[in-house]
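# Report on the structure
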Amino acid sequence: MNDFEKPFIIVLSDKPVSYNIYSTFWIPCSAKFITFGSQTSTNGIVQIHEVVDGKIKLFQEKHLEKTLKCGTFGASSLRNRHVATGDFFGDLNIWSLYRKKALEIYFCYYRDLENSFTPIYSVQGHKEVINDISGVAGNSVGCGAPEIVTGSRDGYVKVWDPRQKEKPVAIMESIDNIKRECWAVAFGNSYNSQERVVCAGYDNGDIKMFDLRTMTLRWETTIANGLCSLEFDRNDIKMNKLLATGLEGSIYIFETRDRNNDFPCIEKKIYRATIWHGKHLPQNREIFVTCGKSLHLFKYHYCDEITGERKGSIEELQHTDISEQSINSFDWSPDKIGLAVCSSFDQTIRLLCCTQLHLH
Amino acid sequence: MDVRKKVKDNVENIQSMYREVINWEKEMKRKENCLLQSKVVHNEKEVPPVRTKLRKENTDLSNEKIVNAFNKNTIDKEKREESLFEKELGNEFVKQQKWLEAIPHYTNAINCFSKDATFYCNRAYCFLQTAKYKEAETDCTTALQIDPQYVKAYHRRALALKELNQLKEAHENLIKALELEPNNTRIKQDKFKLEKVMTDRVSSKMTLETKSEAIKESNKNLAYVKKEKGNIYVKKKEWAVAIEYYTEACKLYPDDPSFYLNRALCFLKTNEPRKTILDCIRVLELDSNNIKAYYRRALANESLGNYSKAHDDFLMAFKLDPTDQIIQENLIKIEKNLGILPEENVNKKSLSNNTSANLNTFNKRITGEKFLAVGGYFVEPLKKSAHQLSKKPLQTIKISDKNENTLKSALEELNVSDKKSGSTKENADPNKSFVKSVQMNFSESSSIDENYIEIDVDSLLPPKTSMQFVSTWNKLTNSKMRYQYLKKIDGKNFPSIFKEALESYIFSEILEILSSEFIKAGESVYKYLYGFSKVKRISALLLFATEEDNAYIKTLFNYMNHSNDIPQNELASLRSFYLP
């Protein structure tokens, strides 16, 4: 592959904001994306931006009492588009973005005097900050009930069903008093109405896979450093591969195809800095991006069964430095291949575009 | 060009992407509006009930917690301890030689902790003992995957492979094991056994299949190895051991007298004269001129008191090698013992006084009559068995040319001498014809410069590849030879000969020959030019043709214009090809 056939990562538009961004992700079936952030430790801010003529334009903004850390549309249908969020105080909330026909955000907290509106689902899920949230089965049919998993600093991983108020449907906790901070959670293997696994990554580098059907610990391993993100390439198929990124710049791909719970691992060290996120392209599960100091685009190649290789391999397609400081959040647009949004520590939101991805 | 195009393509790609994004925006906005304006229809898809409810229904377990330990090391430790415990149990059974009971314990150990090579290796041992060689082999292989330096695993794999009849692999494994642990006597023993089995297998196979020379050869080699070993022990004066080795050598290769001879020496030293005599007789059967055999038999006979027999043998040995002083001394001694001086030995007794003088006369007595009057002499064929022959390669004698006259005179002399020596006419005739043939050769070689080439070119075959052509072409140095060579080739075959490998200098040389020799001889050149026009790279060659080449081509076309046997239209097309 010569340089011209490589995909290019281009910044279409960037927009500096006046707060620390924790998370940014697309609203499905729209040209909008949400950012969570905080101006001070207590004052949370939520913004919805819209892409207008290829530029980022602020659509709506809301100030909150509590700062939201993470959010997902994973457990919500396209029609409802309810966003589930976790905040710094351990609360899980599900919000409706739109009320009736008006395109208005209904984010508020407890009693917003102006709106007197409360989230459609709210629960004090954890004692401490919810570091990661993940949803499953929002849009896909026949792969079980929509569920949300949260991982928190208090060491618990909890699975929630929006239909069941107040109580989680599953709790994963430590056997003794050693509490490890959970930094990343992911759903996977949800290919029918029964099967489902939750993967959790902890600050000591442990990765644990819990089987929700049998309620057992299915598999565990330890990598050298703390886990920052975990993601299955798809969560509504039989689990295929699990991407894990963490501190010290290594990425790990576990080939989780049915191998009797013995999953070979591909490790690649990119640089000595934290990789905050790894995200698979929704339109092509073999391509994924990792973001930290710089953006790296990889393509995964399956192992060749004929030659008897046990592991596949990954090929770096492209890497670019687009910001001075690390990128902490990244999301591919579910509706447009190659379009993505990312936020970095230098308080900037960037709209990215990746060309020629359809060639790979 | 290419790069510029690609850059342009890329820019276009990016622009189109941008346009696509803007279109997508509009599309998205439209879709979103549709989504929002569409009435909420409650066609709830079938969703399984809440997990906790489901579980309560099914199992009545209200506890939905998965308890897991974070301290991974503790788990590992426990597992490790358990596995070691199982291993110990297994080892106990092994000590009691209850192999079948040990195996499951090792299996448990492996299940608890799969990364310890010893579990696999021990299980492999049990499998070996219970004759499950295949399993043993796989276990050893896994053990080696975990620990590639594990000597025991190599050893056990070798044993398993041996039983599986993969002797070669087994041998390799043993060698590997020995490399890692060179002082392990058990492995050495096993290796020795295996090698023995291998050689036995090889030899038995061979004899069964074909009694070919190959086995003999291998046996012979082995026999010589044994002999060497025997020789070493002889030097150490360990006669009994040496005898064993020689006996083995004799068995392996009974046709070599040296084994018997050496054994005879050992028997002599161990005071077994009868055996010595038997061996010597065997030697003499194989090689009747063996001095040592005579000498040793004589000594044996002497020690047995058979002085007359000993005397005969000494005499024989003396005849064969009159220079050996020890034999002479012995001979004199035995003659004294016998007290008889047989007639033949009269002169030999005096001989012992001044050896050198008498030796010459003795030599003469044997060979003198065979000397030839010509000045040359016959070389007597030696009756030596193969092992006694010189191992030096034959020297090549340089033959230098001589003048015709000297040779003739020499030959005449030879004829004369033949006549003188009174050889029969039948003998002389072939000699004469030989002379003639030599003379003929001479007359030919005198005219070497002129005729050599013609003969050569005539004998050449038309080439099939460009390699063949170029090599012969370069050998032919004058234009006449090249002309003749070229004439042998059909010009229409040029494309198949040269394919893509026509060199420009070859092309211009051929053109030169065509325009000079062919025109001179009035031969047709059309075929060649036509052939060249079909060669693949010819257009490139023509593009870079020198002026000389063009001149040649022009002269060739002028020449062809004059000849009538070429159709005009074809010639014109060819001309337009060469001279556009």
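Residues numbered from 1 in each chain as written. Chains lettered and ligands numbered in written order. Predicted model: local features only at pLDDT ≥ 70, side-chain atom pairs only at ≥ 80, totals over all residues. Heavy atoms only, no water.

## Some words on the interface of chain B and chain A
Across the contact, 41 residues belong to chain B and 73 residues belong to chain A. Taking both sides of the interface into account, the surface hidden between chain B and chain A amounts to around 4,900 Å²; carbon and sulfur atoms contribute 62%. As a salt-bridge pair, E20 of chain B and K336 of chain A come within 2.6 Å of each other at their nearest N and O atoms. Taken together, chain B and chain A are joined by 5 residue pairs in polar contact (both at pLDDT 80 or more). Those elements giving two or more residues to the side of chain B that touches chain A turn out to be helix 1 (2-37), helix 2 (51-59), strand 1 (65-68) and helix 3 (72-95) of chain B. Residue contributions to the side of chain B that touches chain A peak at 19 residues, all from helix 1 of chain B. (Contact = heavy atoms within 4.5 Å. Buried area = accessible area lost by both parts, 1.4 Å probe. Salt bridge = Lys/Arg side-chain N within 4 Å of Asp/Glu carboxyl O. Polar contact = N/O pair within 3.5 Å; in protein donor to acceptor, adjacent residues only side chain to side chain. Helix = DSSP H or I, 4+ residues; strand = E, 2+ residues; numbered from the N terminus.)

## Considerations on the confidence of the model for chain A
When pLDDT is low, close inspection of the predicted coordinates is not appropriate. For chain A, mean pLDDT is 83; residues scoring 70 or higher make up 92% of the total. This model gives residues 100-117 of chain A a pLDDT under 50, and the stretch forms 48 contacts once residues within four places in sequence are excluded. (pLDDT = per-residue confidence, 0-100.)

## Examining the sheet that holds strand 3 (residues 32-38) of chain A
Pairing is antiparallel in the open sheet, where 4 strands are placed in the order 2-3-4-5 (chain A). Either end of the sheet is taken by a strand with one partner, and the two such strands are strand 2 (20-26) and strand 5 (55-64) of chain A. Taking each pair of neighbouring strands and ignoring which way they run, the sheet shows an average axis angle of 20°. Here strand 3 of chain A runs beside strand 4 (residues 44-52) of chain A; their pairing, made up of 7 bridges, is antiparallel. From the neighbouring strand, S38 of chain A faces strand 4 of chain A, where its bridge partner is G44 of chain A. Against the sheet, helix 1 of chain B makes contact with strand 2, strand 3, strand 4 and strand 5 of chain A, and its axis sits at roughly 115° relative to strand 4 of chain A, the strand it touches most. (Pairing = 2+ DSSP bridges. Axes fitted to C-alpha atoms, helices over the stretch in contact; angles between N-to-C directions.)

## Side note on the pattern of salt bridges
Under the defined criterion, the tally for this structure stands at 32 salt bridges over all chains. As a salt-bridge pair, D9 of chain B and K5 of chain B come within 3.4 Å of each other at their nearest N and O atoms. With D9 of chain B and K5 of chain B both in helix 1 and 4 residues apart, this pair spans about one turn of that helix. Sharing partners across several salt bridges, the network here consists of D233, K241, R285 and E286 of chain A.

## Brief notes about the nonpolar core
Residue and element names in this part refer to chain B. Counting residues in hydrophobic clusters, the biggest one holds 40 residues, and the most contacted among them are F469, L486, F498 and F532. Secondary structure elements with two or more residues in this core: helix 22 (466-475), helix 23 (479-488), helix 24 (494-498), helix 25 (504-521), helix 26 (526-533), helix 27 (538-543), helix 28 (547-562) and helix 29 (568-578). Setting aside residues up to four positions removed in sequence, F532 forms contacts with F494, F498, L502, F507, I510, I538 and Y578. (Core = buried A, V, L, I, M, F, W, Y, C linked by side-chain atoms within 4.5 Å. Buried < 20%, exposed > 50% of the residue type's maximum accessible area, 1.4 Å probe, protein only.)

## Concerning the sheet that holds strand 27 (residues 339-344) of chain A
All names here are of chain A. With antiparallel pairing, the 4 strands of this open sheet are ordered in space as 1-28-27-26. Two strands close off the open sheet at either side, each with one partner strand: strand 1 (9-16) and strand 26 (327-332). Geometrically, the sheet is characterised by an average inter-axis angle of 20° between neighbouring strands, direction not taken into account. Bridge count between strand 27 and strand 28 (residues 348-354): 6 bridges; the pairing is antiparallel. Bridge assignment links S344 to a residue of strand 28, and that residue is T348.

## Let's talk about the packing of aromatic side chains
Counted by the stated rule, this structure contains 22 aromatic pairs over all chains. Arranged with centres 5.5 Å apart and planes meeting at 85°, the rings of W99 of chain B and Y125 of chain B form a pair that is edge-to-face. With W99 of chain B in helix 4 (residues 99-112) and Y125 of chain B in helix 5 (residues 117-129), this residue pair connects regions lying 26 residues apart in the sequence. Residue Y125 of chain B is classed as partly exposed on the basis of its relative accessible area, which comes to 26%. Between the aromatic rings of F507 of chain B and F532 of chain B, the centroid separation amounts to 4.9 Å while the plane-to-plane angle is 85°, which identifies the pairing as edge-to-face. Here F507 of chain B is found in helix 25, whereas its partner F532 of chain B is found in helix 26, with 25 residues between them in sequence. Judged on exposure class, the residue F507 of chain B and its partner F532 of chain B are both buried. Through pairs of rings, three or more aromatic residues link up here, namely W219, Y252, F254 and F263 of chain A. (Phe/Tyr/Trp six-rings, centres within 6.5 Å; stacked < 30°, edge-to-face > 60°.)

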